[in-house]
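Chains, contacts and geometry: an overview
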Amino acid sequence: MKNSTQVGGGGGGGGGGGRRARLAGGRRLIPIVSLLFLSHAAIQAQTIKPYLQSPTQHSVWVSWRTAAETESTVRWGSSPDALTQTASGSYHTFAANYLWHSVKIAGLEPNTAYYYRAVSGADSSAVFRFRTYQNPATANGHIRVLIVGDTQHPTTAQRTFQAAREKLIEKYGPNLEDEVQLILKQGDNVDAGVLSQYISMHFDPLSNLSGNIPTMTVLGNHEYYQNSDLSFYFPHFEFDDPDLQYNGLAGTNGEHYYAFRAGPVLFCMLNSNEWWSSQTQWLGNVVSAANADPTVKWIFGTAHHPLRCENWVSDGSAYIRDQIIPVLRASEKTAMYTSGHSHMYARGSNRDSSVWEVISGGGGLIQNWNQNPEQNYPDVQRSFDVWTYQIMDIDLEAETMDVECYSIGNNDYVLDNVLIDRFHRYFGKKGPAQACGAAPCRYPADFALYF
Ligand SMILES: [Fe+2]
């Protein structure tokens, strides 16, 4: 059965504004191959674009927007021609023409492929295929994650996800849901927390993948802009599902932070805008439980703010650096902390730790060198001011993690979706944390030296 993912929707709307809106207009980047994977189902012109989230081994949530239709139904089954099961949900009225539907498909078998169609009255989606997560205790094979942050520009966000989709298919073939388990976003999914930007900067650019692969995210600072109560953020997401929460370890601040797992890989999702001691305490409880849990093999931390940033020093968060990172480092299972906020790519590793510290903030806008106060940090090995995404590949048997970073360039030059960095964590071996000497490692000048 062919993958029935729709090609990503158009941009439009939103954009601009904010201190980071420095995208050069009108520049042609890379050719966008947009029709290669248009499926038979997509040709039927269904307008609903489903978004998978909060996956477990037995369930997944399907969400989508309609302008008027109020039915929240998912028809699903083990064959695309026999969607014999029905799951019903509810909708949240964000605005008169913005109804957000959320349906949980439950009672599923682990590591099993299913097909579904989202239905709202006369409107429907194409038939999509997804795969449930593995049982953590028996999982094998690979866990792969696409990492993207700060997609707060509609055009470049779409280019980034188009490039990511092409690269994933190049690496793993067309049935991505069998090969890639998660899309991990680092917040600032919008430039301002208004509804039109949730569509143009998050859901539409993602729609070339979001019907097949679940997406999970954290809060950036831009989600608060023009929406300080986050009333346009939380109803979109299903982070408080008890089936999702690792070991029932919910925090005391609602859905601001949460932990979930993909097989034996645990993701700790934090809100770095709020420097709550309750969040730090909760993270300590999660890491402590996971460290003692033989069914958790890998631990990851994700929040919006980085520890430090070489090309805009004030981006660094003392809360992350001084409170969160030490908690994550307390377990040898912790492999990486990913953040966004800085609109570039960076990765480092403290000399006393094997935990990688990555900035994946190049999904939409770019903050260039020579624009803001800069500093060279010995524990940062790369700082590239280009649009990027990362593909993380964990081999559960070999106990290895390999991360590749790809780029489509920046406002000053075009890169054709090329590999610009890679690093790994192999259990039993310390990561190759090359220091960069007296100056930051910049792309492209230092590329050949370290690659
Ligand atoms: Fe930010």
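Values in this document were obtained by computation on a predicted structure and should not be read as measured data.

**Concerning the overall build of the chain**
Looking only at helices and strands, the chain has 5 helices and 22 strands in total. A buried classification covers 53% of the 451 residues belonging to the chain. Looking at the chain alone, contacts between residues at least 24 apart form 72% of all its contacts between residues at least 6 apart.

**Topic: the sheet that holds strand β20 (residues 387-395)**
Spatially, the 6 strands line up as an open sheet ordered β12-β11-β10-β20-β21-β22, and their pairing is mixed. A single partner strand is all that each edge strand has here, and the edge strands are β12 (215-217) and β22 (414-426). In this sheet, adjacent strand axes meet at a mean angle of 20° when their direction is disregarded. Alignment of strand β21 (residues 400-409) against β22, held across 9 bridges, turns out to be antiparallel.

**Topic: unusual backbone geometry**
In this structure, Q226 is a non-glycine residue whose phi angle is positive, near 60°. Following the sequence through the fold, Q226 ends up in the loop between β12 and β13 (258-262). When the 14 C-beta atoms within 10 Å are taken as the criterion, Q226 is described as partly exposed. Positive phi is not limited to glycine here, since N417 has a value of about 60°. As for its placement among the helices and strands, N417 is situated in strand β22. Judged by the 21 C-beta atoms lying within 10 Å of it, N417 falls in the buried class.

**As for helix α1 (residues 154-172)**
Since the α-helix turns once every 3.6 residues, residues separated by three or four places project in the same direction. For α1, spanning 19 residues, the distance from its first C-alpha to its last is 27 Å, which sits close to the expected 27 Å at 1.5 Å a residue. Residues P154, T156, A157, Q158, R159, T160, F161, Q162, A163, A164, R165 and L168 constitute the buried set of α1. Lining the buried residues of α1 we find β10 (142-148), α2 (195-206), β20, β21 and β22.

**Concerning the packing of helix α3 (residues 277-291) against helix α4 (residues 318-329)**
Helix-helix packing is described using two parameters, namely the angle between the two axes and the distance between the axes. Two elements in contact, α3 and α4, have axes separated by 9 Å at closest approach and are oriented at 10°. Taken as axis vectors, α3 and α4 run roughly parallel relative to one another. On the side of α3, the interface is formed by T280, L283, G284 and V287, while α4 contributes Q323, I324, V327 and L328. In the contact of α3 with α4, the residues fall into 5 nonpolar, 3 polar and no charged.

**Looking at the sheet that holds strand β18 (residues 356-360)**
Strand order in the open sheet formed by 7 strands is β13-β14-β15-β16-β18-β17-β19, and the pairing between neighbours is mixed. Looking at the sheet topology across the chains shown, the edges are occupied by β13 and β19 (380-384). Taking the axes of each pair of neighbouring strands and ignoring which way they run, one obtains an average angle of 15° across the sheet. Seen against the sheet, α3 touches β13, β14 (265-269) and β15 (298-302) and runs at an angle of roughly 175° to β14. Across the sheet, α4 lies against β15 and β16 (334-339), angled at about 155° from β16, the strand it touches most.

**Considerations on the nonpolar core**
Soluble globular proteins: nonpolar side chains tend toward being buried together. The biggest cluster of nonpolar side chains holds 112 residues, and the ones touching the most others in it are V62, L146, L266 and C268. Viewed by domain, this core spans two of them, domain 1 (45-131) and domain 2 (142-450), each represented by three or more residues. Here V62 is in contact with P50, L52, V74, V103, I105, Y116 and A118, once residues within four sequence places are set aside.

**Some details on the environment of N271**
Take N271: it is sitting in the loop between β14 and α3. Under the C-beta neighbour-count criterion, N271 is labelled buried, with 24 such atoms within 10 Å. On a C-alpha basis, the gap between N271 and Q186 in space is 10.0 Å, while along the polypeptide they are 85 residues apart. When near neighbours in sequence (up to four residues on either side) are disregarded, N271 contacts V218, L219, H256, Y257, Q279 and A303.

**Section: the environment of W76**
With respect to the helices and strands, W76 occurs in strand β3 (residues 73-77). For the pair W76 and A118, spaced 42 residues apart in sequence, the C-alpha to C-alpha distance is 8.7 Å. Ignoring anything within four residues of it in the chain, the contact list for W76 reads L83, Q85, A87, I105, Y114, Y115 and Y116.

**Describing the packing of α1 against α2**
The interhelical angle for the contact between α1 and α2, taken along N-to-C directions, is 20°, at an axis separation of 9 Å. Viewed along their axes, α1 and α2 adopt a mutual orientation that is roughly parallel. In this structure, α1 meets α2 at a crossing whose hand is right-handed. Residues P154, A157, Q158 and F161 of α1 lie in contact with α2, whose contacting residues are S200, M201, P205 and L206.

**Considerations on the environment of N372**
Following the sequence through the fold, N372 ends up in the loop between β18 and β19. Looking at N372, the number of C-beta atoms within 10 Å reads 15, which means it is partly exposed. Sequence-wise, N372 and S314 are 58 residues apart; in three dimensions their C-alpha atoms are separated by 9.0 Å.

**Considering the confidence of the model for the chain**
Chain-level statistics for the chain give a pLDDT mean of 89 and a share of 86% at 70 or above. In the predicted structure, residues 1-45 sits below a pLDDT of 50 and forms 101 contacts with residues beyond four places in sequence or in another chain.

**Re the pairing of strand β2 (residues 60-66)**
Of all 7 residues that make up β2, 7 are buried, and the element is covered over most of its length. As paired strands, strand β1 (residues 51-53) and β2 are joined by 3 bridges and run antiparallel to one another. Its bridge partner lying in β2, L52 is registered against V62. From the end of β1 to the start of β2, which pair antiparallel, there are 6 residues, and S54 there has a positive phi angle of about 50°. Sheet topology places β2 next to strand β6 (residues 98-105); 7 bridges connect them, and they run antiparallel. Residue pairing across strands places W61 opposite K104, the latter belonging to β6.

Basis of the calculations
Residues numbered from 1 in each chain as written. Predicted model: local features only at pLDDT ≥ 70, side-chain atom pairs only at ≥ 80, totals over all residues. Helix = DSSP H or I, 4+ residues; strand = E, 2+ residues; numbered from the N terminus. Buried ≥ 20, exposed ≤ 12 C-beta atoms within 10 Å, placed from the backbone. Contact = placed C-beta atoms within 7 Å. Pairing = 2+ DSSP bridges. Axes fitted to C-alpha atoms, helices over the stretch in contact; angles between N-to-C directions. Expected span 1.5 Å × (residues − 1). Parallel < 35°, antiparallel > 145°, perpendicular 65-115°, else oblique. Nonpolar A, V, L, I, M, F, W, Y, C, P; charged D, E, K, R; others polar. Core = buried A, V, L, I, M, F, W, Y, C linked by C-beta atoms within 7 Å. Domains from an automatic or database assignment. Left-handed = near helix turned anticlockwise from the far one by under 90°. pLDDT = per-residue confidence, 0-100.

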